[in-house]
Amino acid sequence: MPEKSYSDRFTRRGLLSAAGLAGAGIALPRRGVAAESTKPDPAITEVQDWQRQLGEGVDKRAYGSPSKFEQHVVRRNVPWLTAAPESAANFTPLHALEGIITPSGLCFERHHSGIAEIDPQKHRLMINGLVDKSLVFTMDDIRRMPRSSRICFLECAANTGMEWRGAQLNGCQFTHGMIHNVMYTGVPLKALLDEAGLRPNAKWLMLEGGDAAGMNRSLPIEKALTDVMLAFAMNGEALRPEQGYPLRAVIPGWEGNLWVKWLRRIEVGDKPWAAREESARYTDLLADGRARQYTFIMDAKSVVTNPSPQAPLRYRGRNVLSGFAWSGRGTVRRVDVSLDGGRNWKSAQLEAPVLDKSMTRFYLDFEWNGEELLVQSRAMDSSGYVQPTKNELRKIRGVNSVYHNNGIQTWLVRGNGEAENVELG
Ligand code: MTE
Ligand code: CO
């Protein structure tokens with residue numbers, strides 16, 4: 001994998017000059033954003049093409065899609081990361097989103113064996129193992145149980161995984177885009193387990209998918225009984241096939257690989273299945289050769305999405321910096337933003353709703369006069385945990401793992417407004 005390091009260029013000494021300028025850039029008096037109207041603008045004075053004829057009628061777009069002018073806003077993959085697109089991931093275009101909900105068609109996808117296309121009439125969910133009675137649910141059965149909706153983020157444990165050894169991918173879509181934030185509708189897993197009746201020695205569940213991988217994951221029973229949901233809908237409509245239609249597990253705050261899609265079976269056992277199959281891969285190898293196991297919870301993390309490499313600064317004067325923060329341990333309490341590589345910090349404005357285990361939107365208005373910036377954000381969550389720098393993380397975890405990299409991201413914004421993924425020395 002190609003690797004580039006900016007650490008030579010961005011020593012602490014080099015930072016000082018940029019810092020002075022950037023520090024002064026915050027919170028100058030507001031200037032207007034619109035140009036004063038001095039000469040006629042044809043965009044206003046002329047009749048436009050789209051005003052000359054009737055538009056399409058209501059029978060043309062039975063299921064709507066975005067404007068043709070938004071075609072660049074798509075999930076993207078990095079072909080050299082994986083051998084085949086059926087066992088790969090693509091990335092959410094975080095820099096092009098607003099608010100906190102990820103539109104269904106832009107949710108990143110991670111498949112081990114491609115997308116299963118399942119007929120919901122033929123889909124079944126079986127619960128067996130350490131239960132009083134084995135049960136088989138149809139989708140209709142599941143829809144007759146008490147349902148609820150909640151918004152939460154799903155982050156792949158490998159999100160930002162390419163960045164452990166240094167700045168690598170140029171864009172927050174690629175460095176941070178293995179995350180989405182969706183409103184799910186479904187039933188509590190506890191309701192189904194209650195119906196089957198758990199035996200006293202029930203300690204772990206094995207969730208199995210109906211894809212060609214038959215992907216399975218081990219889940220501790222305490223979490224299953226707390227807030228795990230089996231969802232059949234996302235963002236107000238049926239799950240998309242890419243996201244596990246007709247049924248997926250929703251495991252708020254925990255790493256994405258546990259959120260089994262196309263869910264077809266839950267086996268109740270007394271120990272983890274992880275010990276005997278491929279999910280042993282989801283451990284974090286440390287520098288001394290030991291590995292962290294069962295690192296389920298996603299720690300607090302944030303990223304500035306605008307400006308970023310795919311969203312350069314285009315105007316001097318007034319600008320809005322924006323980004324996302326999230327935590328698997330609760331709500332986001334505060335996000336600090338630095339424009340000078342971590343010397344000075346200013347609290348960003350959090351936009352409501354700020355929800356438990358959900359992505360949270362933050363903003364910082366600032367003035368930009370063409371000076372170089374080193375843009376960073378640092379999240380703090382309701383448990384008091386503060387997002388670490390990448391070097392702080394590396395000291396504890398080494399650089400052998402591709403998982404659970406929640407270090408502070410730095411974007412260098414150049415004088416021409418273009419932004420680049422960099423590492424501070
Ligand atoms: N479930 C099945 N059945 N097969 C899979 O390949 N991938 C897992 C998880 N559930 C996977 C699965 C991984 S590693 C992640 S990060 C999430 O699904 C991704 O969910 P998404 O495709 O909705 O983004
Ligand atoms: Co994953």
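Up top is the structure these notes are about.
Quick notes on the rules
Throughout this description, residue numbers start from 1 for each chain and increase along the sequence as written. Labels follow written order: the first chain is A, the first ligand is 1, and so on. Only residues with pLDDT of at least 70 get local features here, since the model is predicted, and only at 80 or more are side-chain atom pairs given and counted; chain-wide, interface and lining totals rely on the full set of residues. Note: side-chain values were computed over all heavy atoms of the structure, leaving out hydrogens and water. By convention in this text, a residue qualifies as near a molecule or strand provided that one of its non-hydrogen atoms is within 4 Å of it. Whenever two N or O atoms come within 3.5 Å, that pair is a polar contact, provided that in protein one can donate a hydrogen and the other can accept it, and provided that, for residues adjacent in sequence, both atoms are side-chain atoms. Under this grouping Gly is polar, as are all residues other than the nonpolar Ala, Val, Leu, Ile, Met, Phe, Trp, Tyr, Cys and Pro and the charged Asp, Glu, Lys and Arg. The rule for pairing is simple: two strands pair if DSSP sees at least two bridges between them. Under the scheme used here, helices are H or I runs from DSSP no shorter than 4 residues and strands are E runs no shorter than 2 residues, and both carry numbers assigned from the N terminus. A fitted line through C-alpha atoms represents every axis, and for helices the fit uses only the stretch in contact; the resulting angles, taken between N-to-C directions, go from 0 to 180 degrees. Burial here depends on accessible area, computed with a 1.4 Å probe over protein chains only, as a share of the maximum for the residue type. Under 20% is buried, over 50% is exposed, and the range in between is partly exposed. The directions from the helix axis to the C-beta atoms are what the arc is built from. For this analysis, residues touch if any pair of their heavy atoms sits within 4.5 Å.

S.K.: Explain the site of ligand 1 here, please?
M.R.: Around ligand 1 lies a shell of 21 residues, among which Phe108, His112, Asp211, Arg248 and Lys261 are the nearest. Between ligand 1 and His112, the relevant distance is 2.6 Å, taken from an oxygen atom to a side-chain nitrogen or oxygen of the residue. Tallied by class, residues from the shell around ligand 1 come to 8 nonpolar, 7 polar and 6 charged.

S.K.: So what exactly am I meant to see when it comes to the sheet that holds strand 20 (residues 349-351) here?
M.R.: Through backbone hydrogen bonds, the strands of a sheet pair up, either in parallel or in antiparallel fashion. If you trace the 4 strands from one edge of the open sheet to the other, you get 16-17-21-20, paired in antiparallel fashion. Of all strands in the sheet, those bounded by a partner on one side alone are strand 16 (301-306) and strand 20. Strand-to-strand twist across the sheet, computed as the mean angle between neighbouring axes with direction ignored, equals 30 degrees. Pairing analysis gives 3 bridges linking strand 20 to strand 21 (residues 360-368), with the strands arranged antiparallel. Each residue of the ladder has a partner; that of Gln349, found in strand 21, is Tyr363.

S.K.: Help me understand helix 7 (residues 390-397), please; the structure alone is not making it clear to me.
M.R.: Since the α-helix packs 3.6 residues into each turn, any two residues three or four apart lie on the same face. Listed in full, the buried residues belonging to helix 7 are Lys390, Leu393, Arg394 and Arg397. Projected down its long axis, helix 7 shows its buried positions confined to an angular sector of 100 degrees, all on one face. Pointing more than 90 degrees away from the buried face of helix 7 are the exposed residues Lys395 and Ile396. Residues of helix 7 that are buried make contact with strand 14 (284-285) and strand 15 (291-292). Looking one or two places after helix 7, you find Gly398, whose phi comes out positive at around 70 degrees.

S.K.: Would you mind showing me how to read the sheet that holds strand 5 (residues 135-138) here?
M.R.: Taken in spatial order, the 5 strands make up an open sheet running 5-4-13-8-9, and their pairing is mixed. Edge positions in the sheet fall to strand 5 and strand 9 (216-220), since each of these pairs with one other strand and no more. When strand polarity is set aside, the average angle formed by the axes of neighbouring strands in this sheet is 20 degrees. For strand 4 (residues 124-129) and strand 13 (residues 263-269), the ladder comprises 4 bridges, and the chain directions are parallel. Paired with Met126 across the strands is Arg265, a residue of strand 13. Here helix 5 (residues 189-196) sits on the sheet and contacts strand 4, strand 5, strand 8 (204-209) and strand 13; the angle it forms with strand 5, its principal contact strand, is near 140 degrees.

S.K.: I would appreciate a short explanation of the environment of Ser308 in the present structure.
M.R.: Structurally, Ser308 can be placed in the loop between strand 16 and strand 17 (317-326). Along the sequence, Ser308 and Thr410 sit 102 residues apart, while their C-alpha atoms lie 9.3 Å from each other. Apart from residues lying up to four places away in sequence, Ser308 is in contact with His95, Cys172, Trp411 and Ala419. At a separation of 2.7 Å, a polar atom in the side chain of Ser308 contacts the main-chain carbonyl oxygen of Thr305.

S.K.: Quick question: what am I supposed to make of the environment of Ile251 here?
M.R.: Residue placement: Ile251 occurs in the loop between strand 12 (248-250) and strand 13. With relative accessibility at 0%, the residue Ile251 sits in the buried group. Along the backbone, Ile251 and Ile297 are 46 residues apart, and their C-alpha atoms lie at a distance of 9.9 Å.

S.K.: Which parts of the structure should I look at to understand unusual backbone geometry?
M.R.: Outside of glycine, negative phi angles account for most residues, and trans bonds account for most peptide bonds. With an omega of 0 degrees, the peptide bond running from Asn306 to Pro307 counts as cis. Residue placement: Pro307 occurs in the loop between strand 16 and strand 17. Between Ala352 and Pro353 the backbone carries a cis peptide bond, its omega angle lying at 0 degrees. If you trace the backbone, Pro353 turns up in the loop between strand 20 and strand 21. Even without a glycine there, the phi angle at Thr160 is positive, about 70 degrees. For Tyr294, which is not glycine, the phi dihedral falls at a positive 55 degrees. Along the chain, the position of Tyr294 falls in the loop between strand 15 and strand 16. Given the relative accessible area of 34%, Tyr294 is considered partly exposed.

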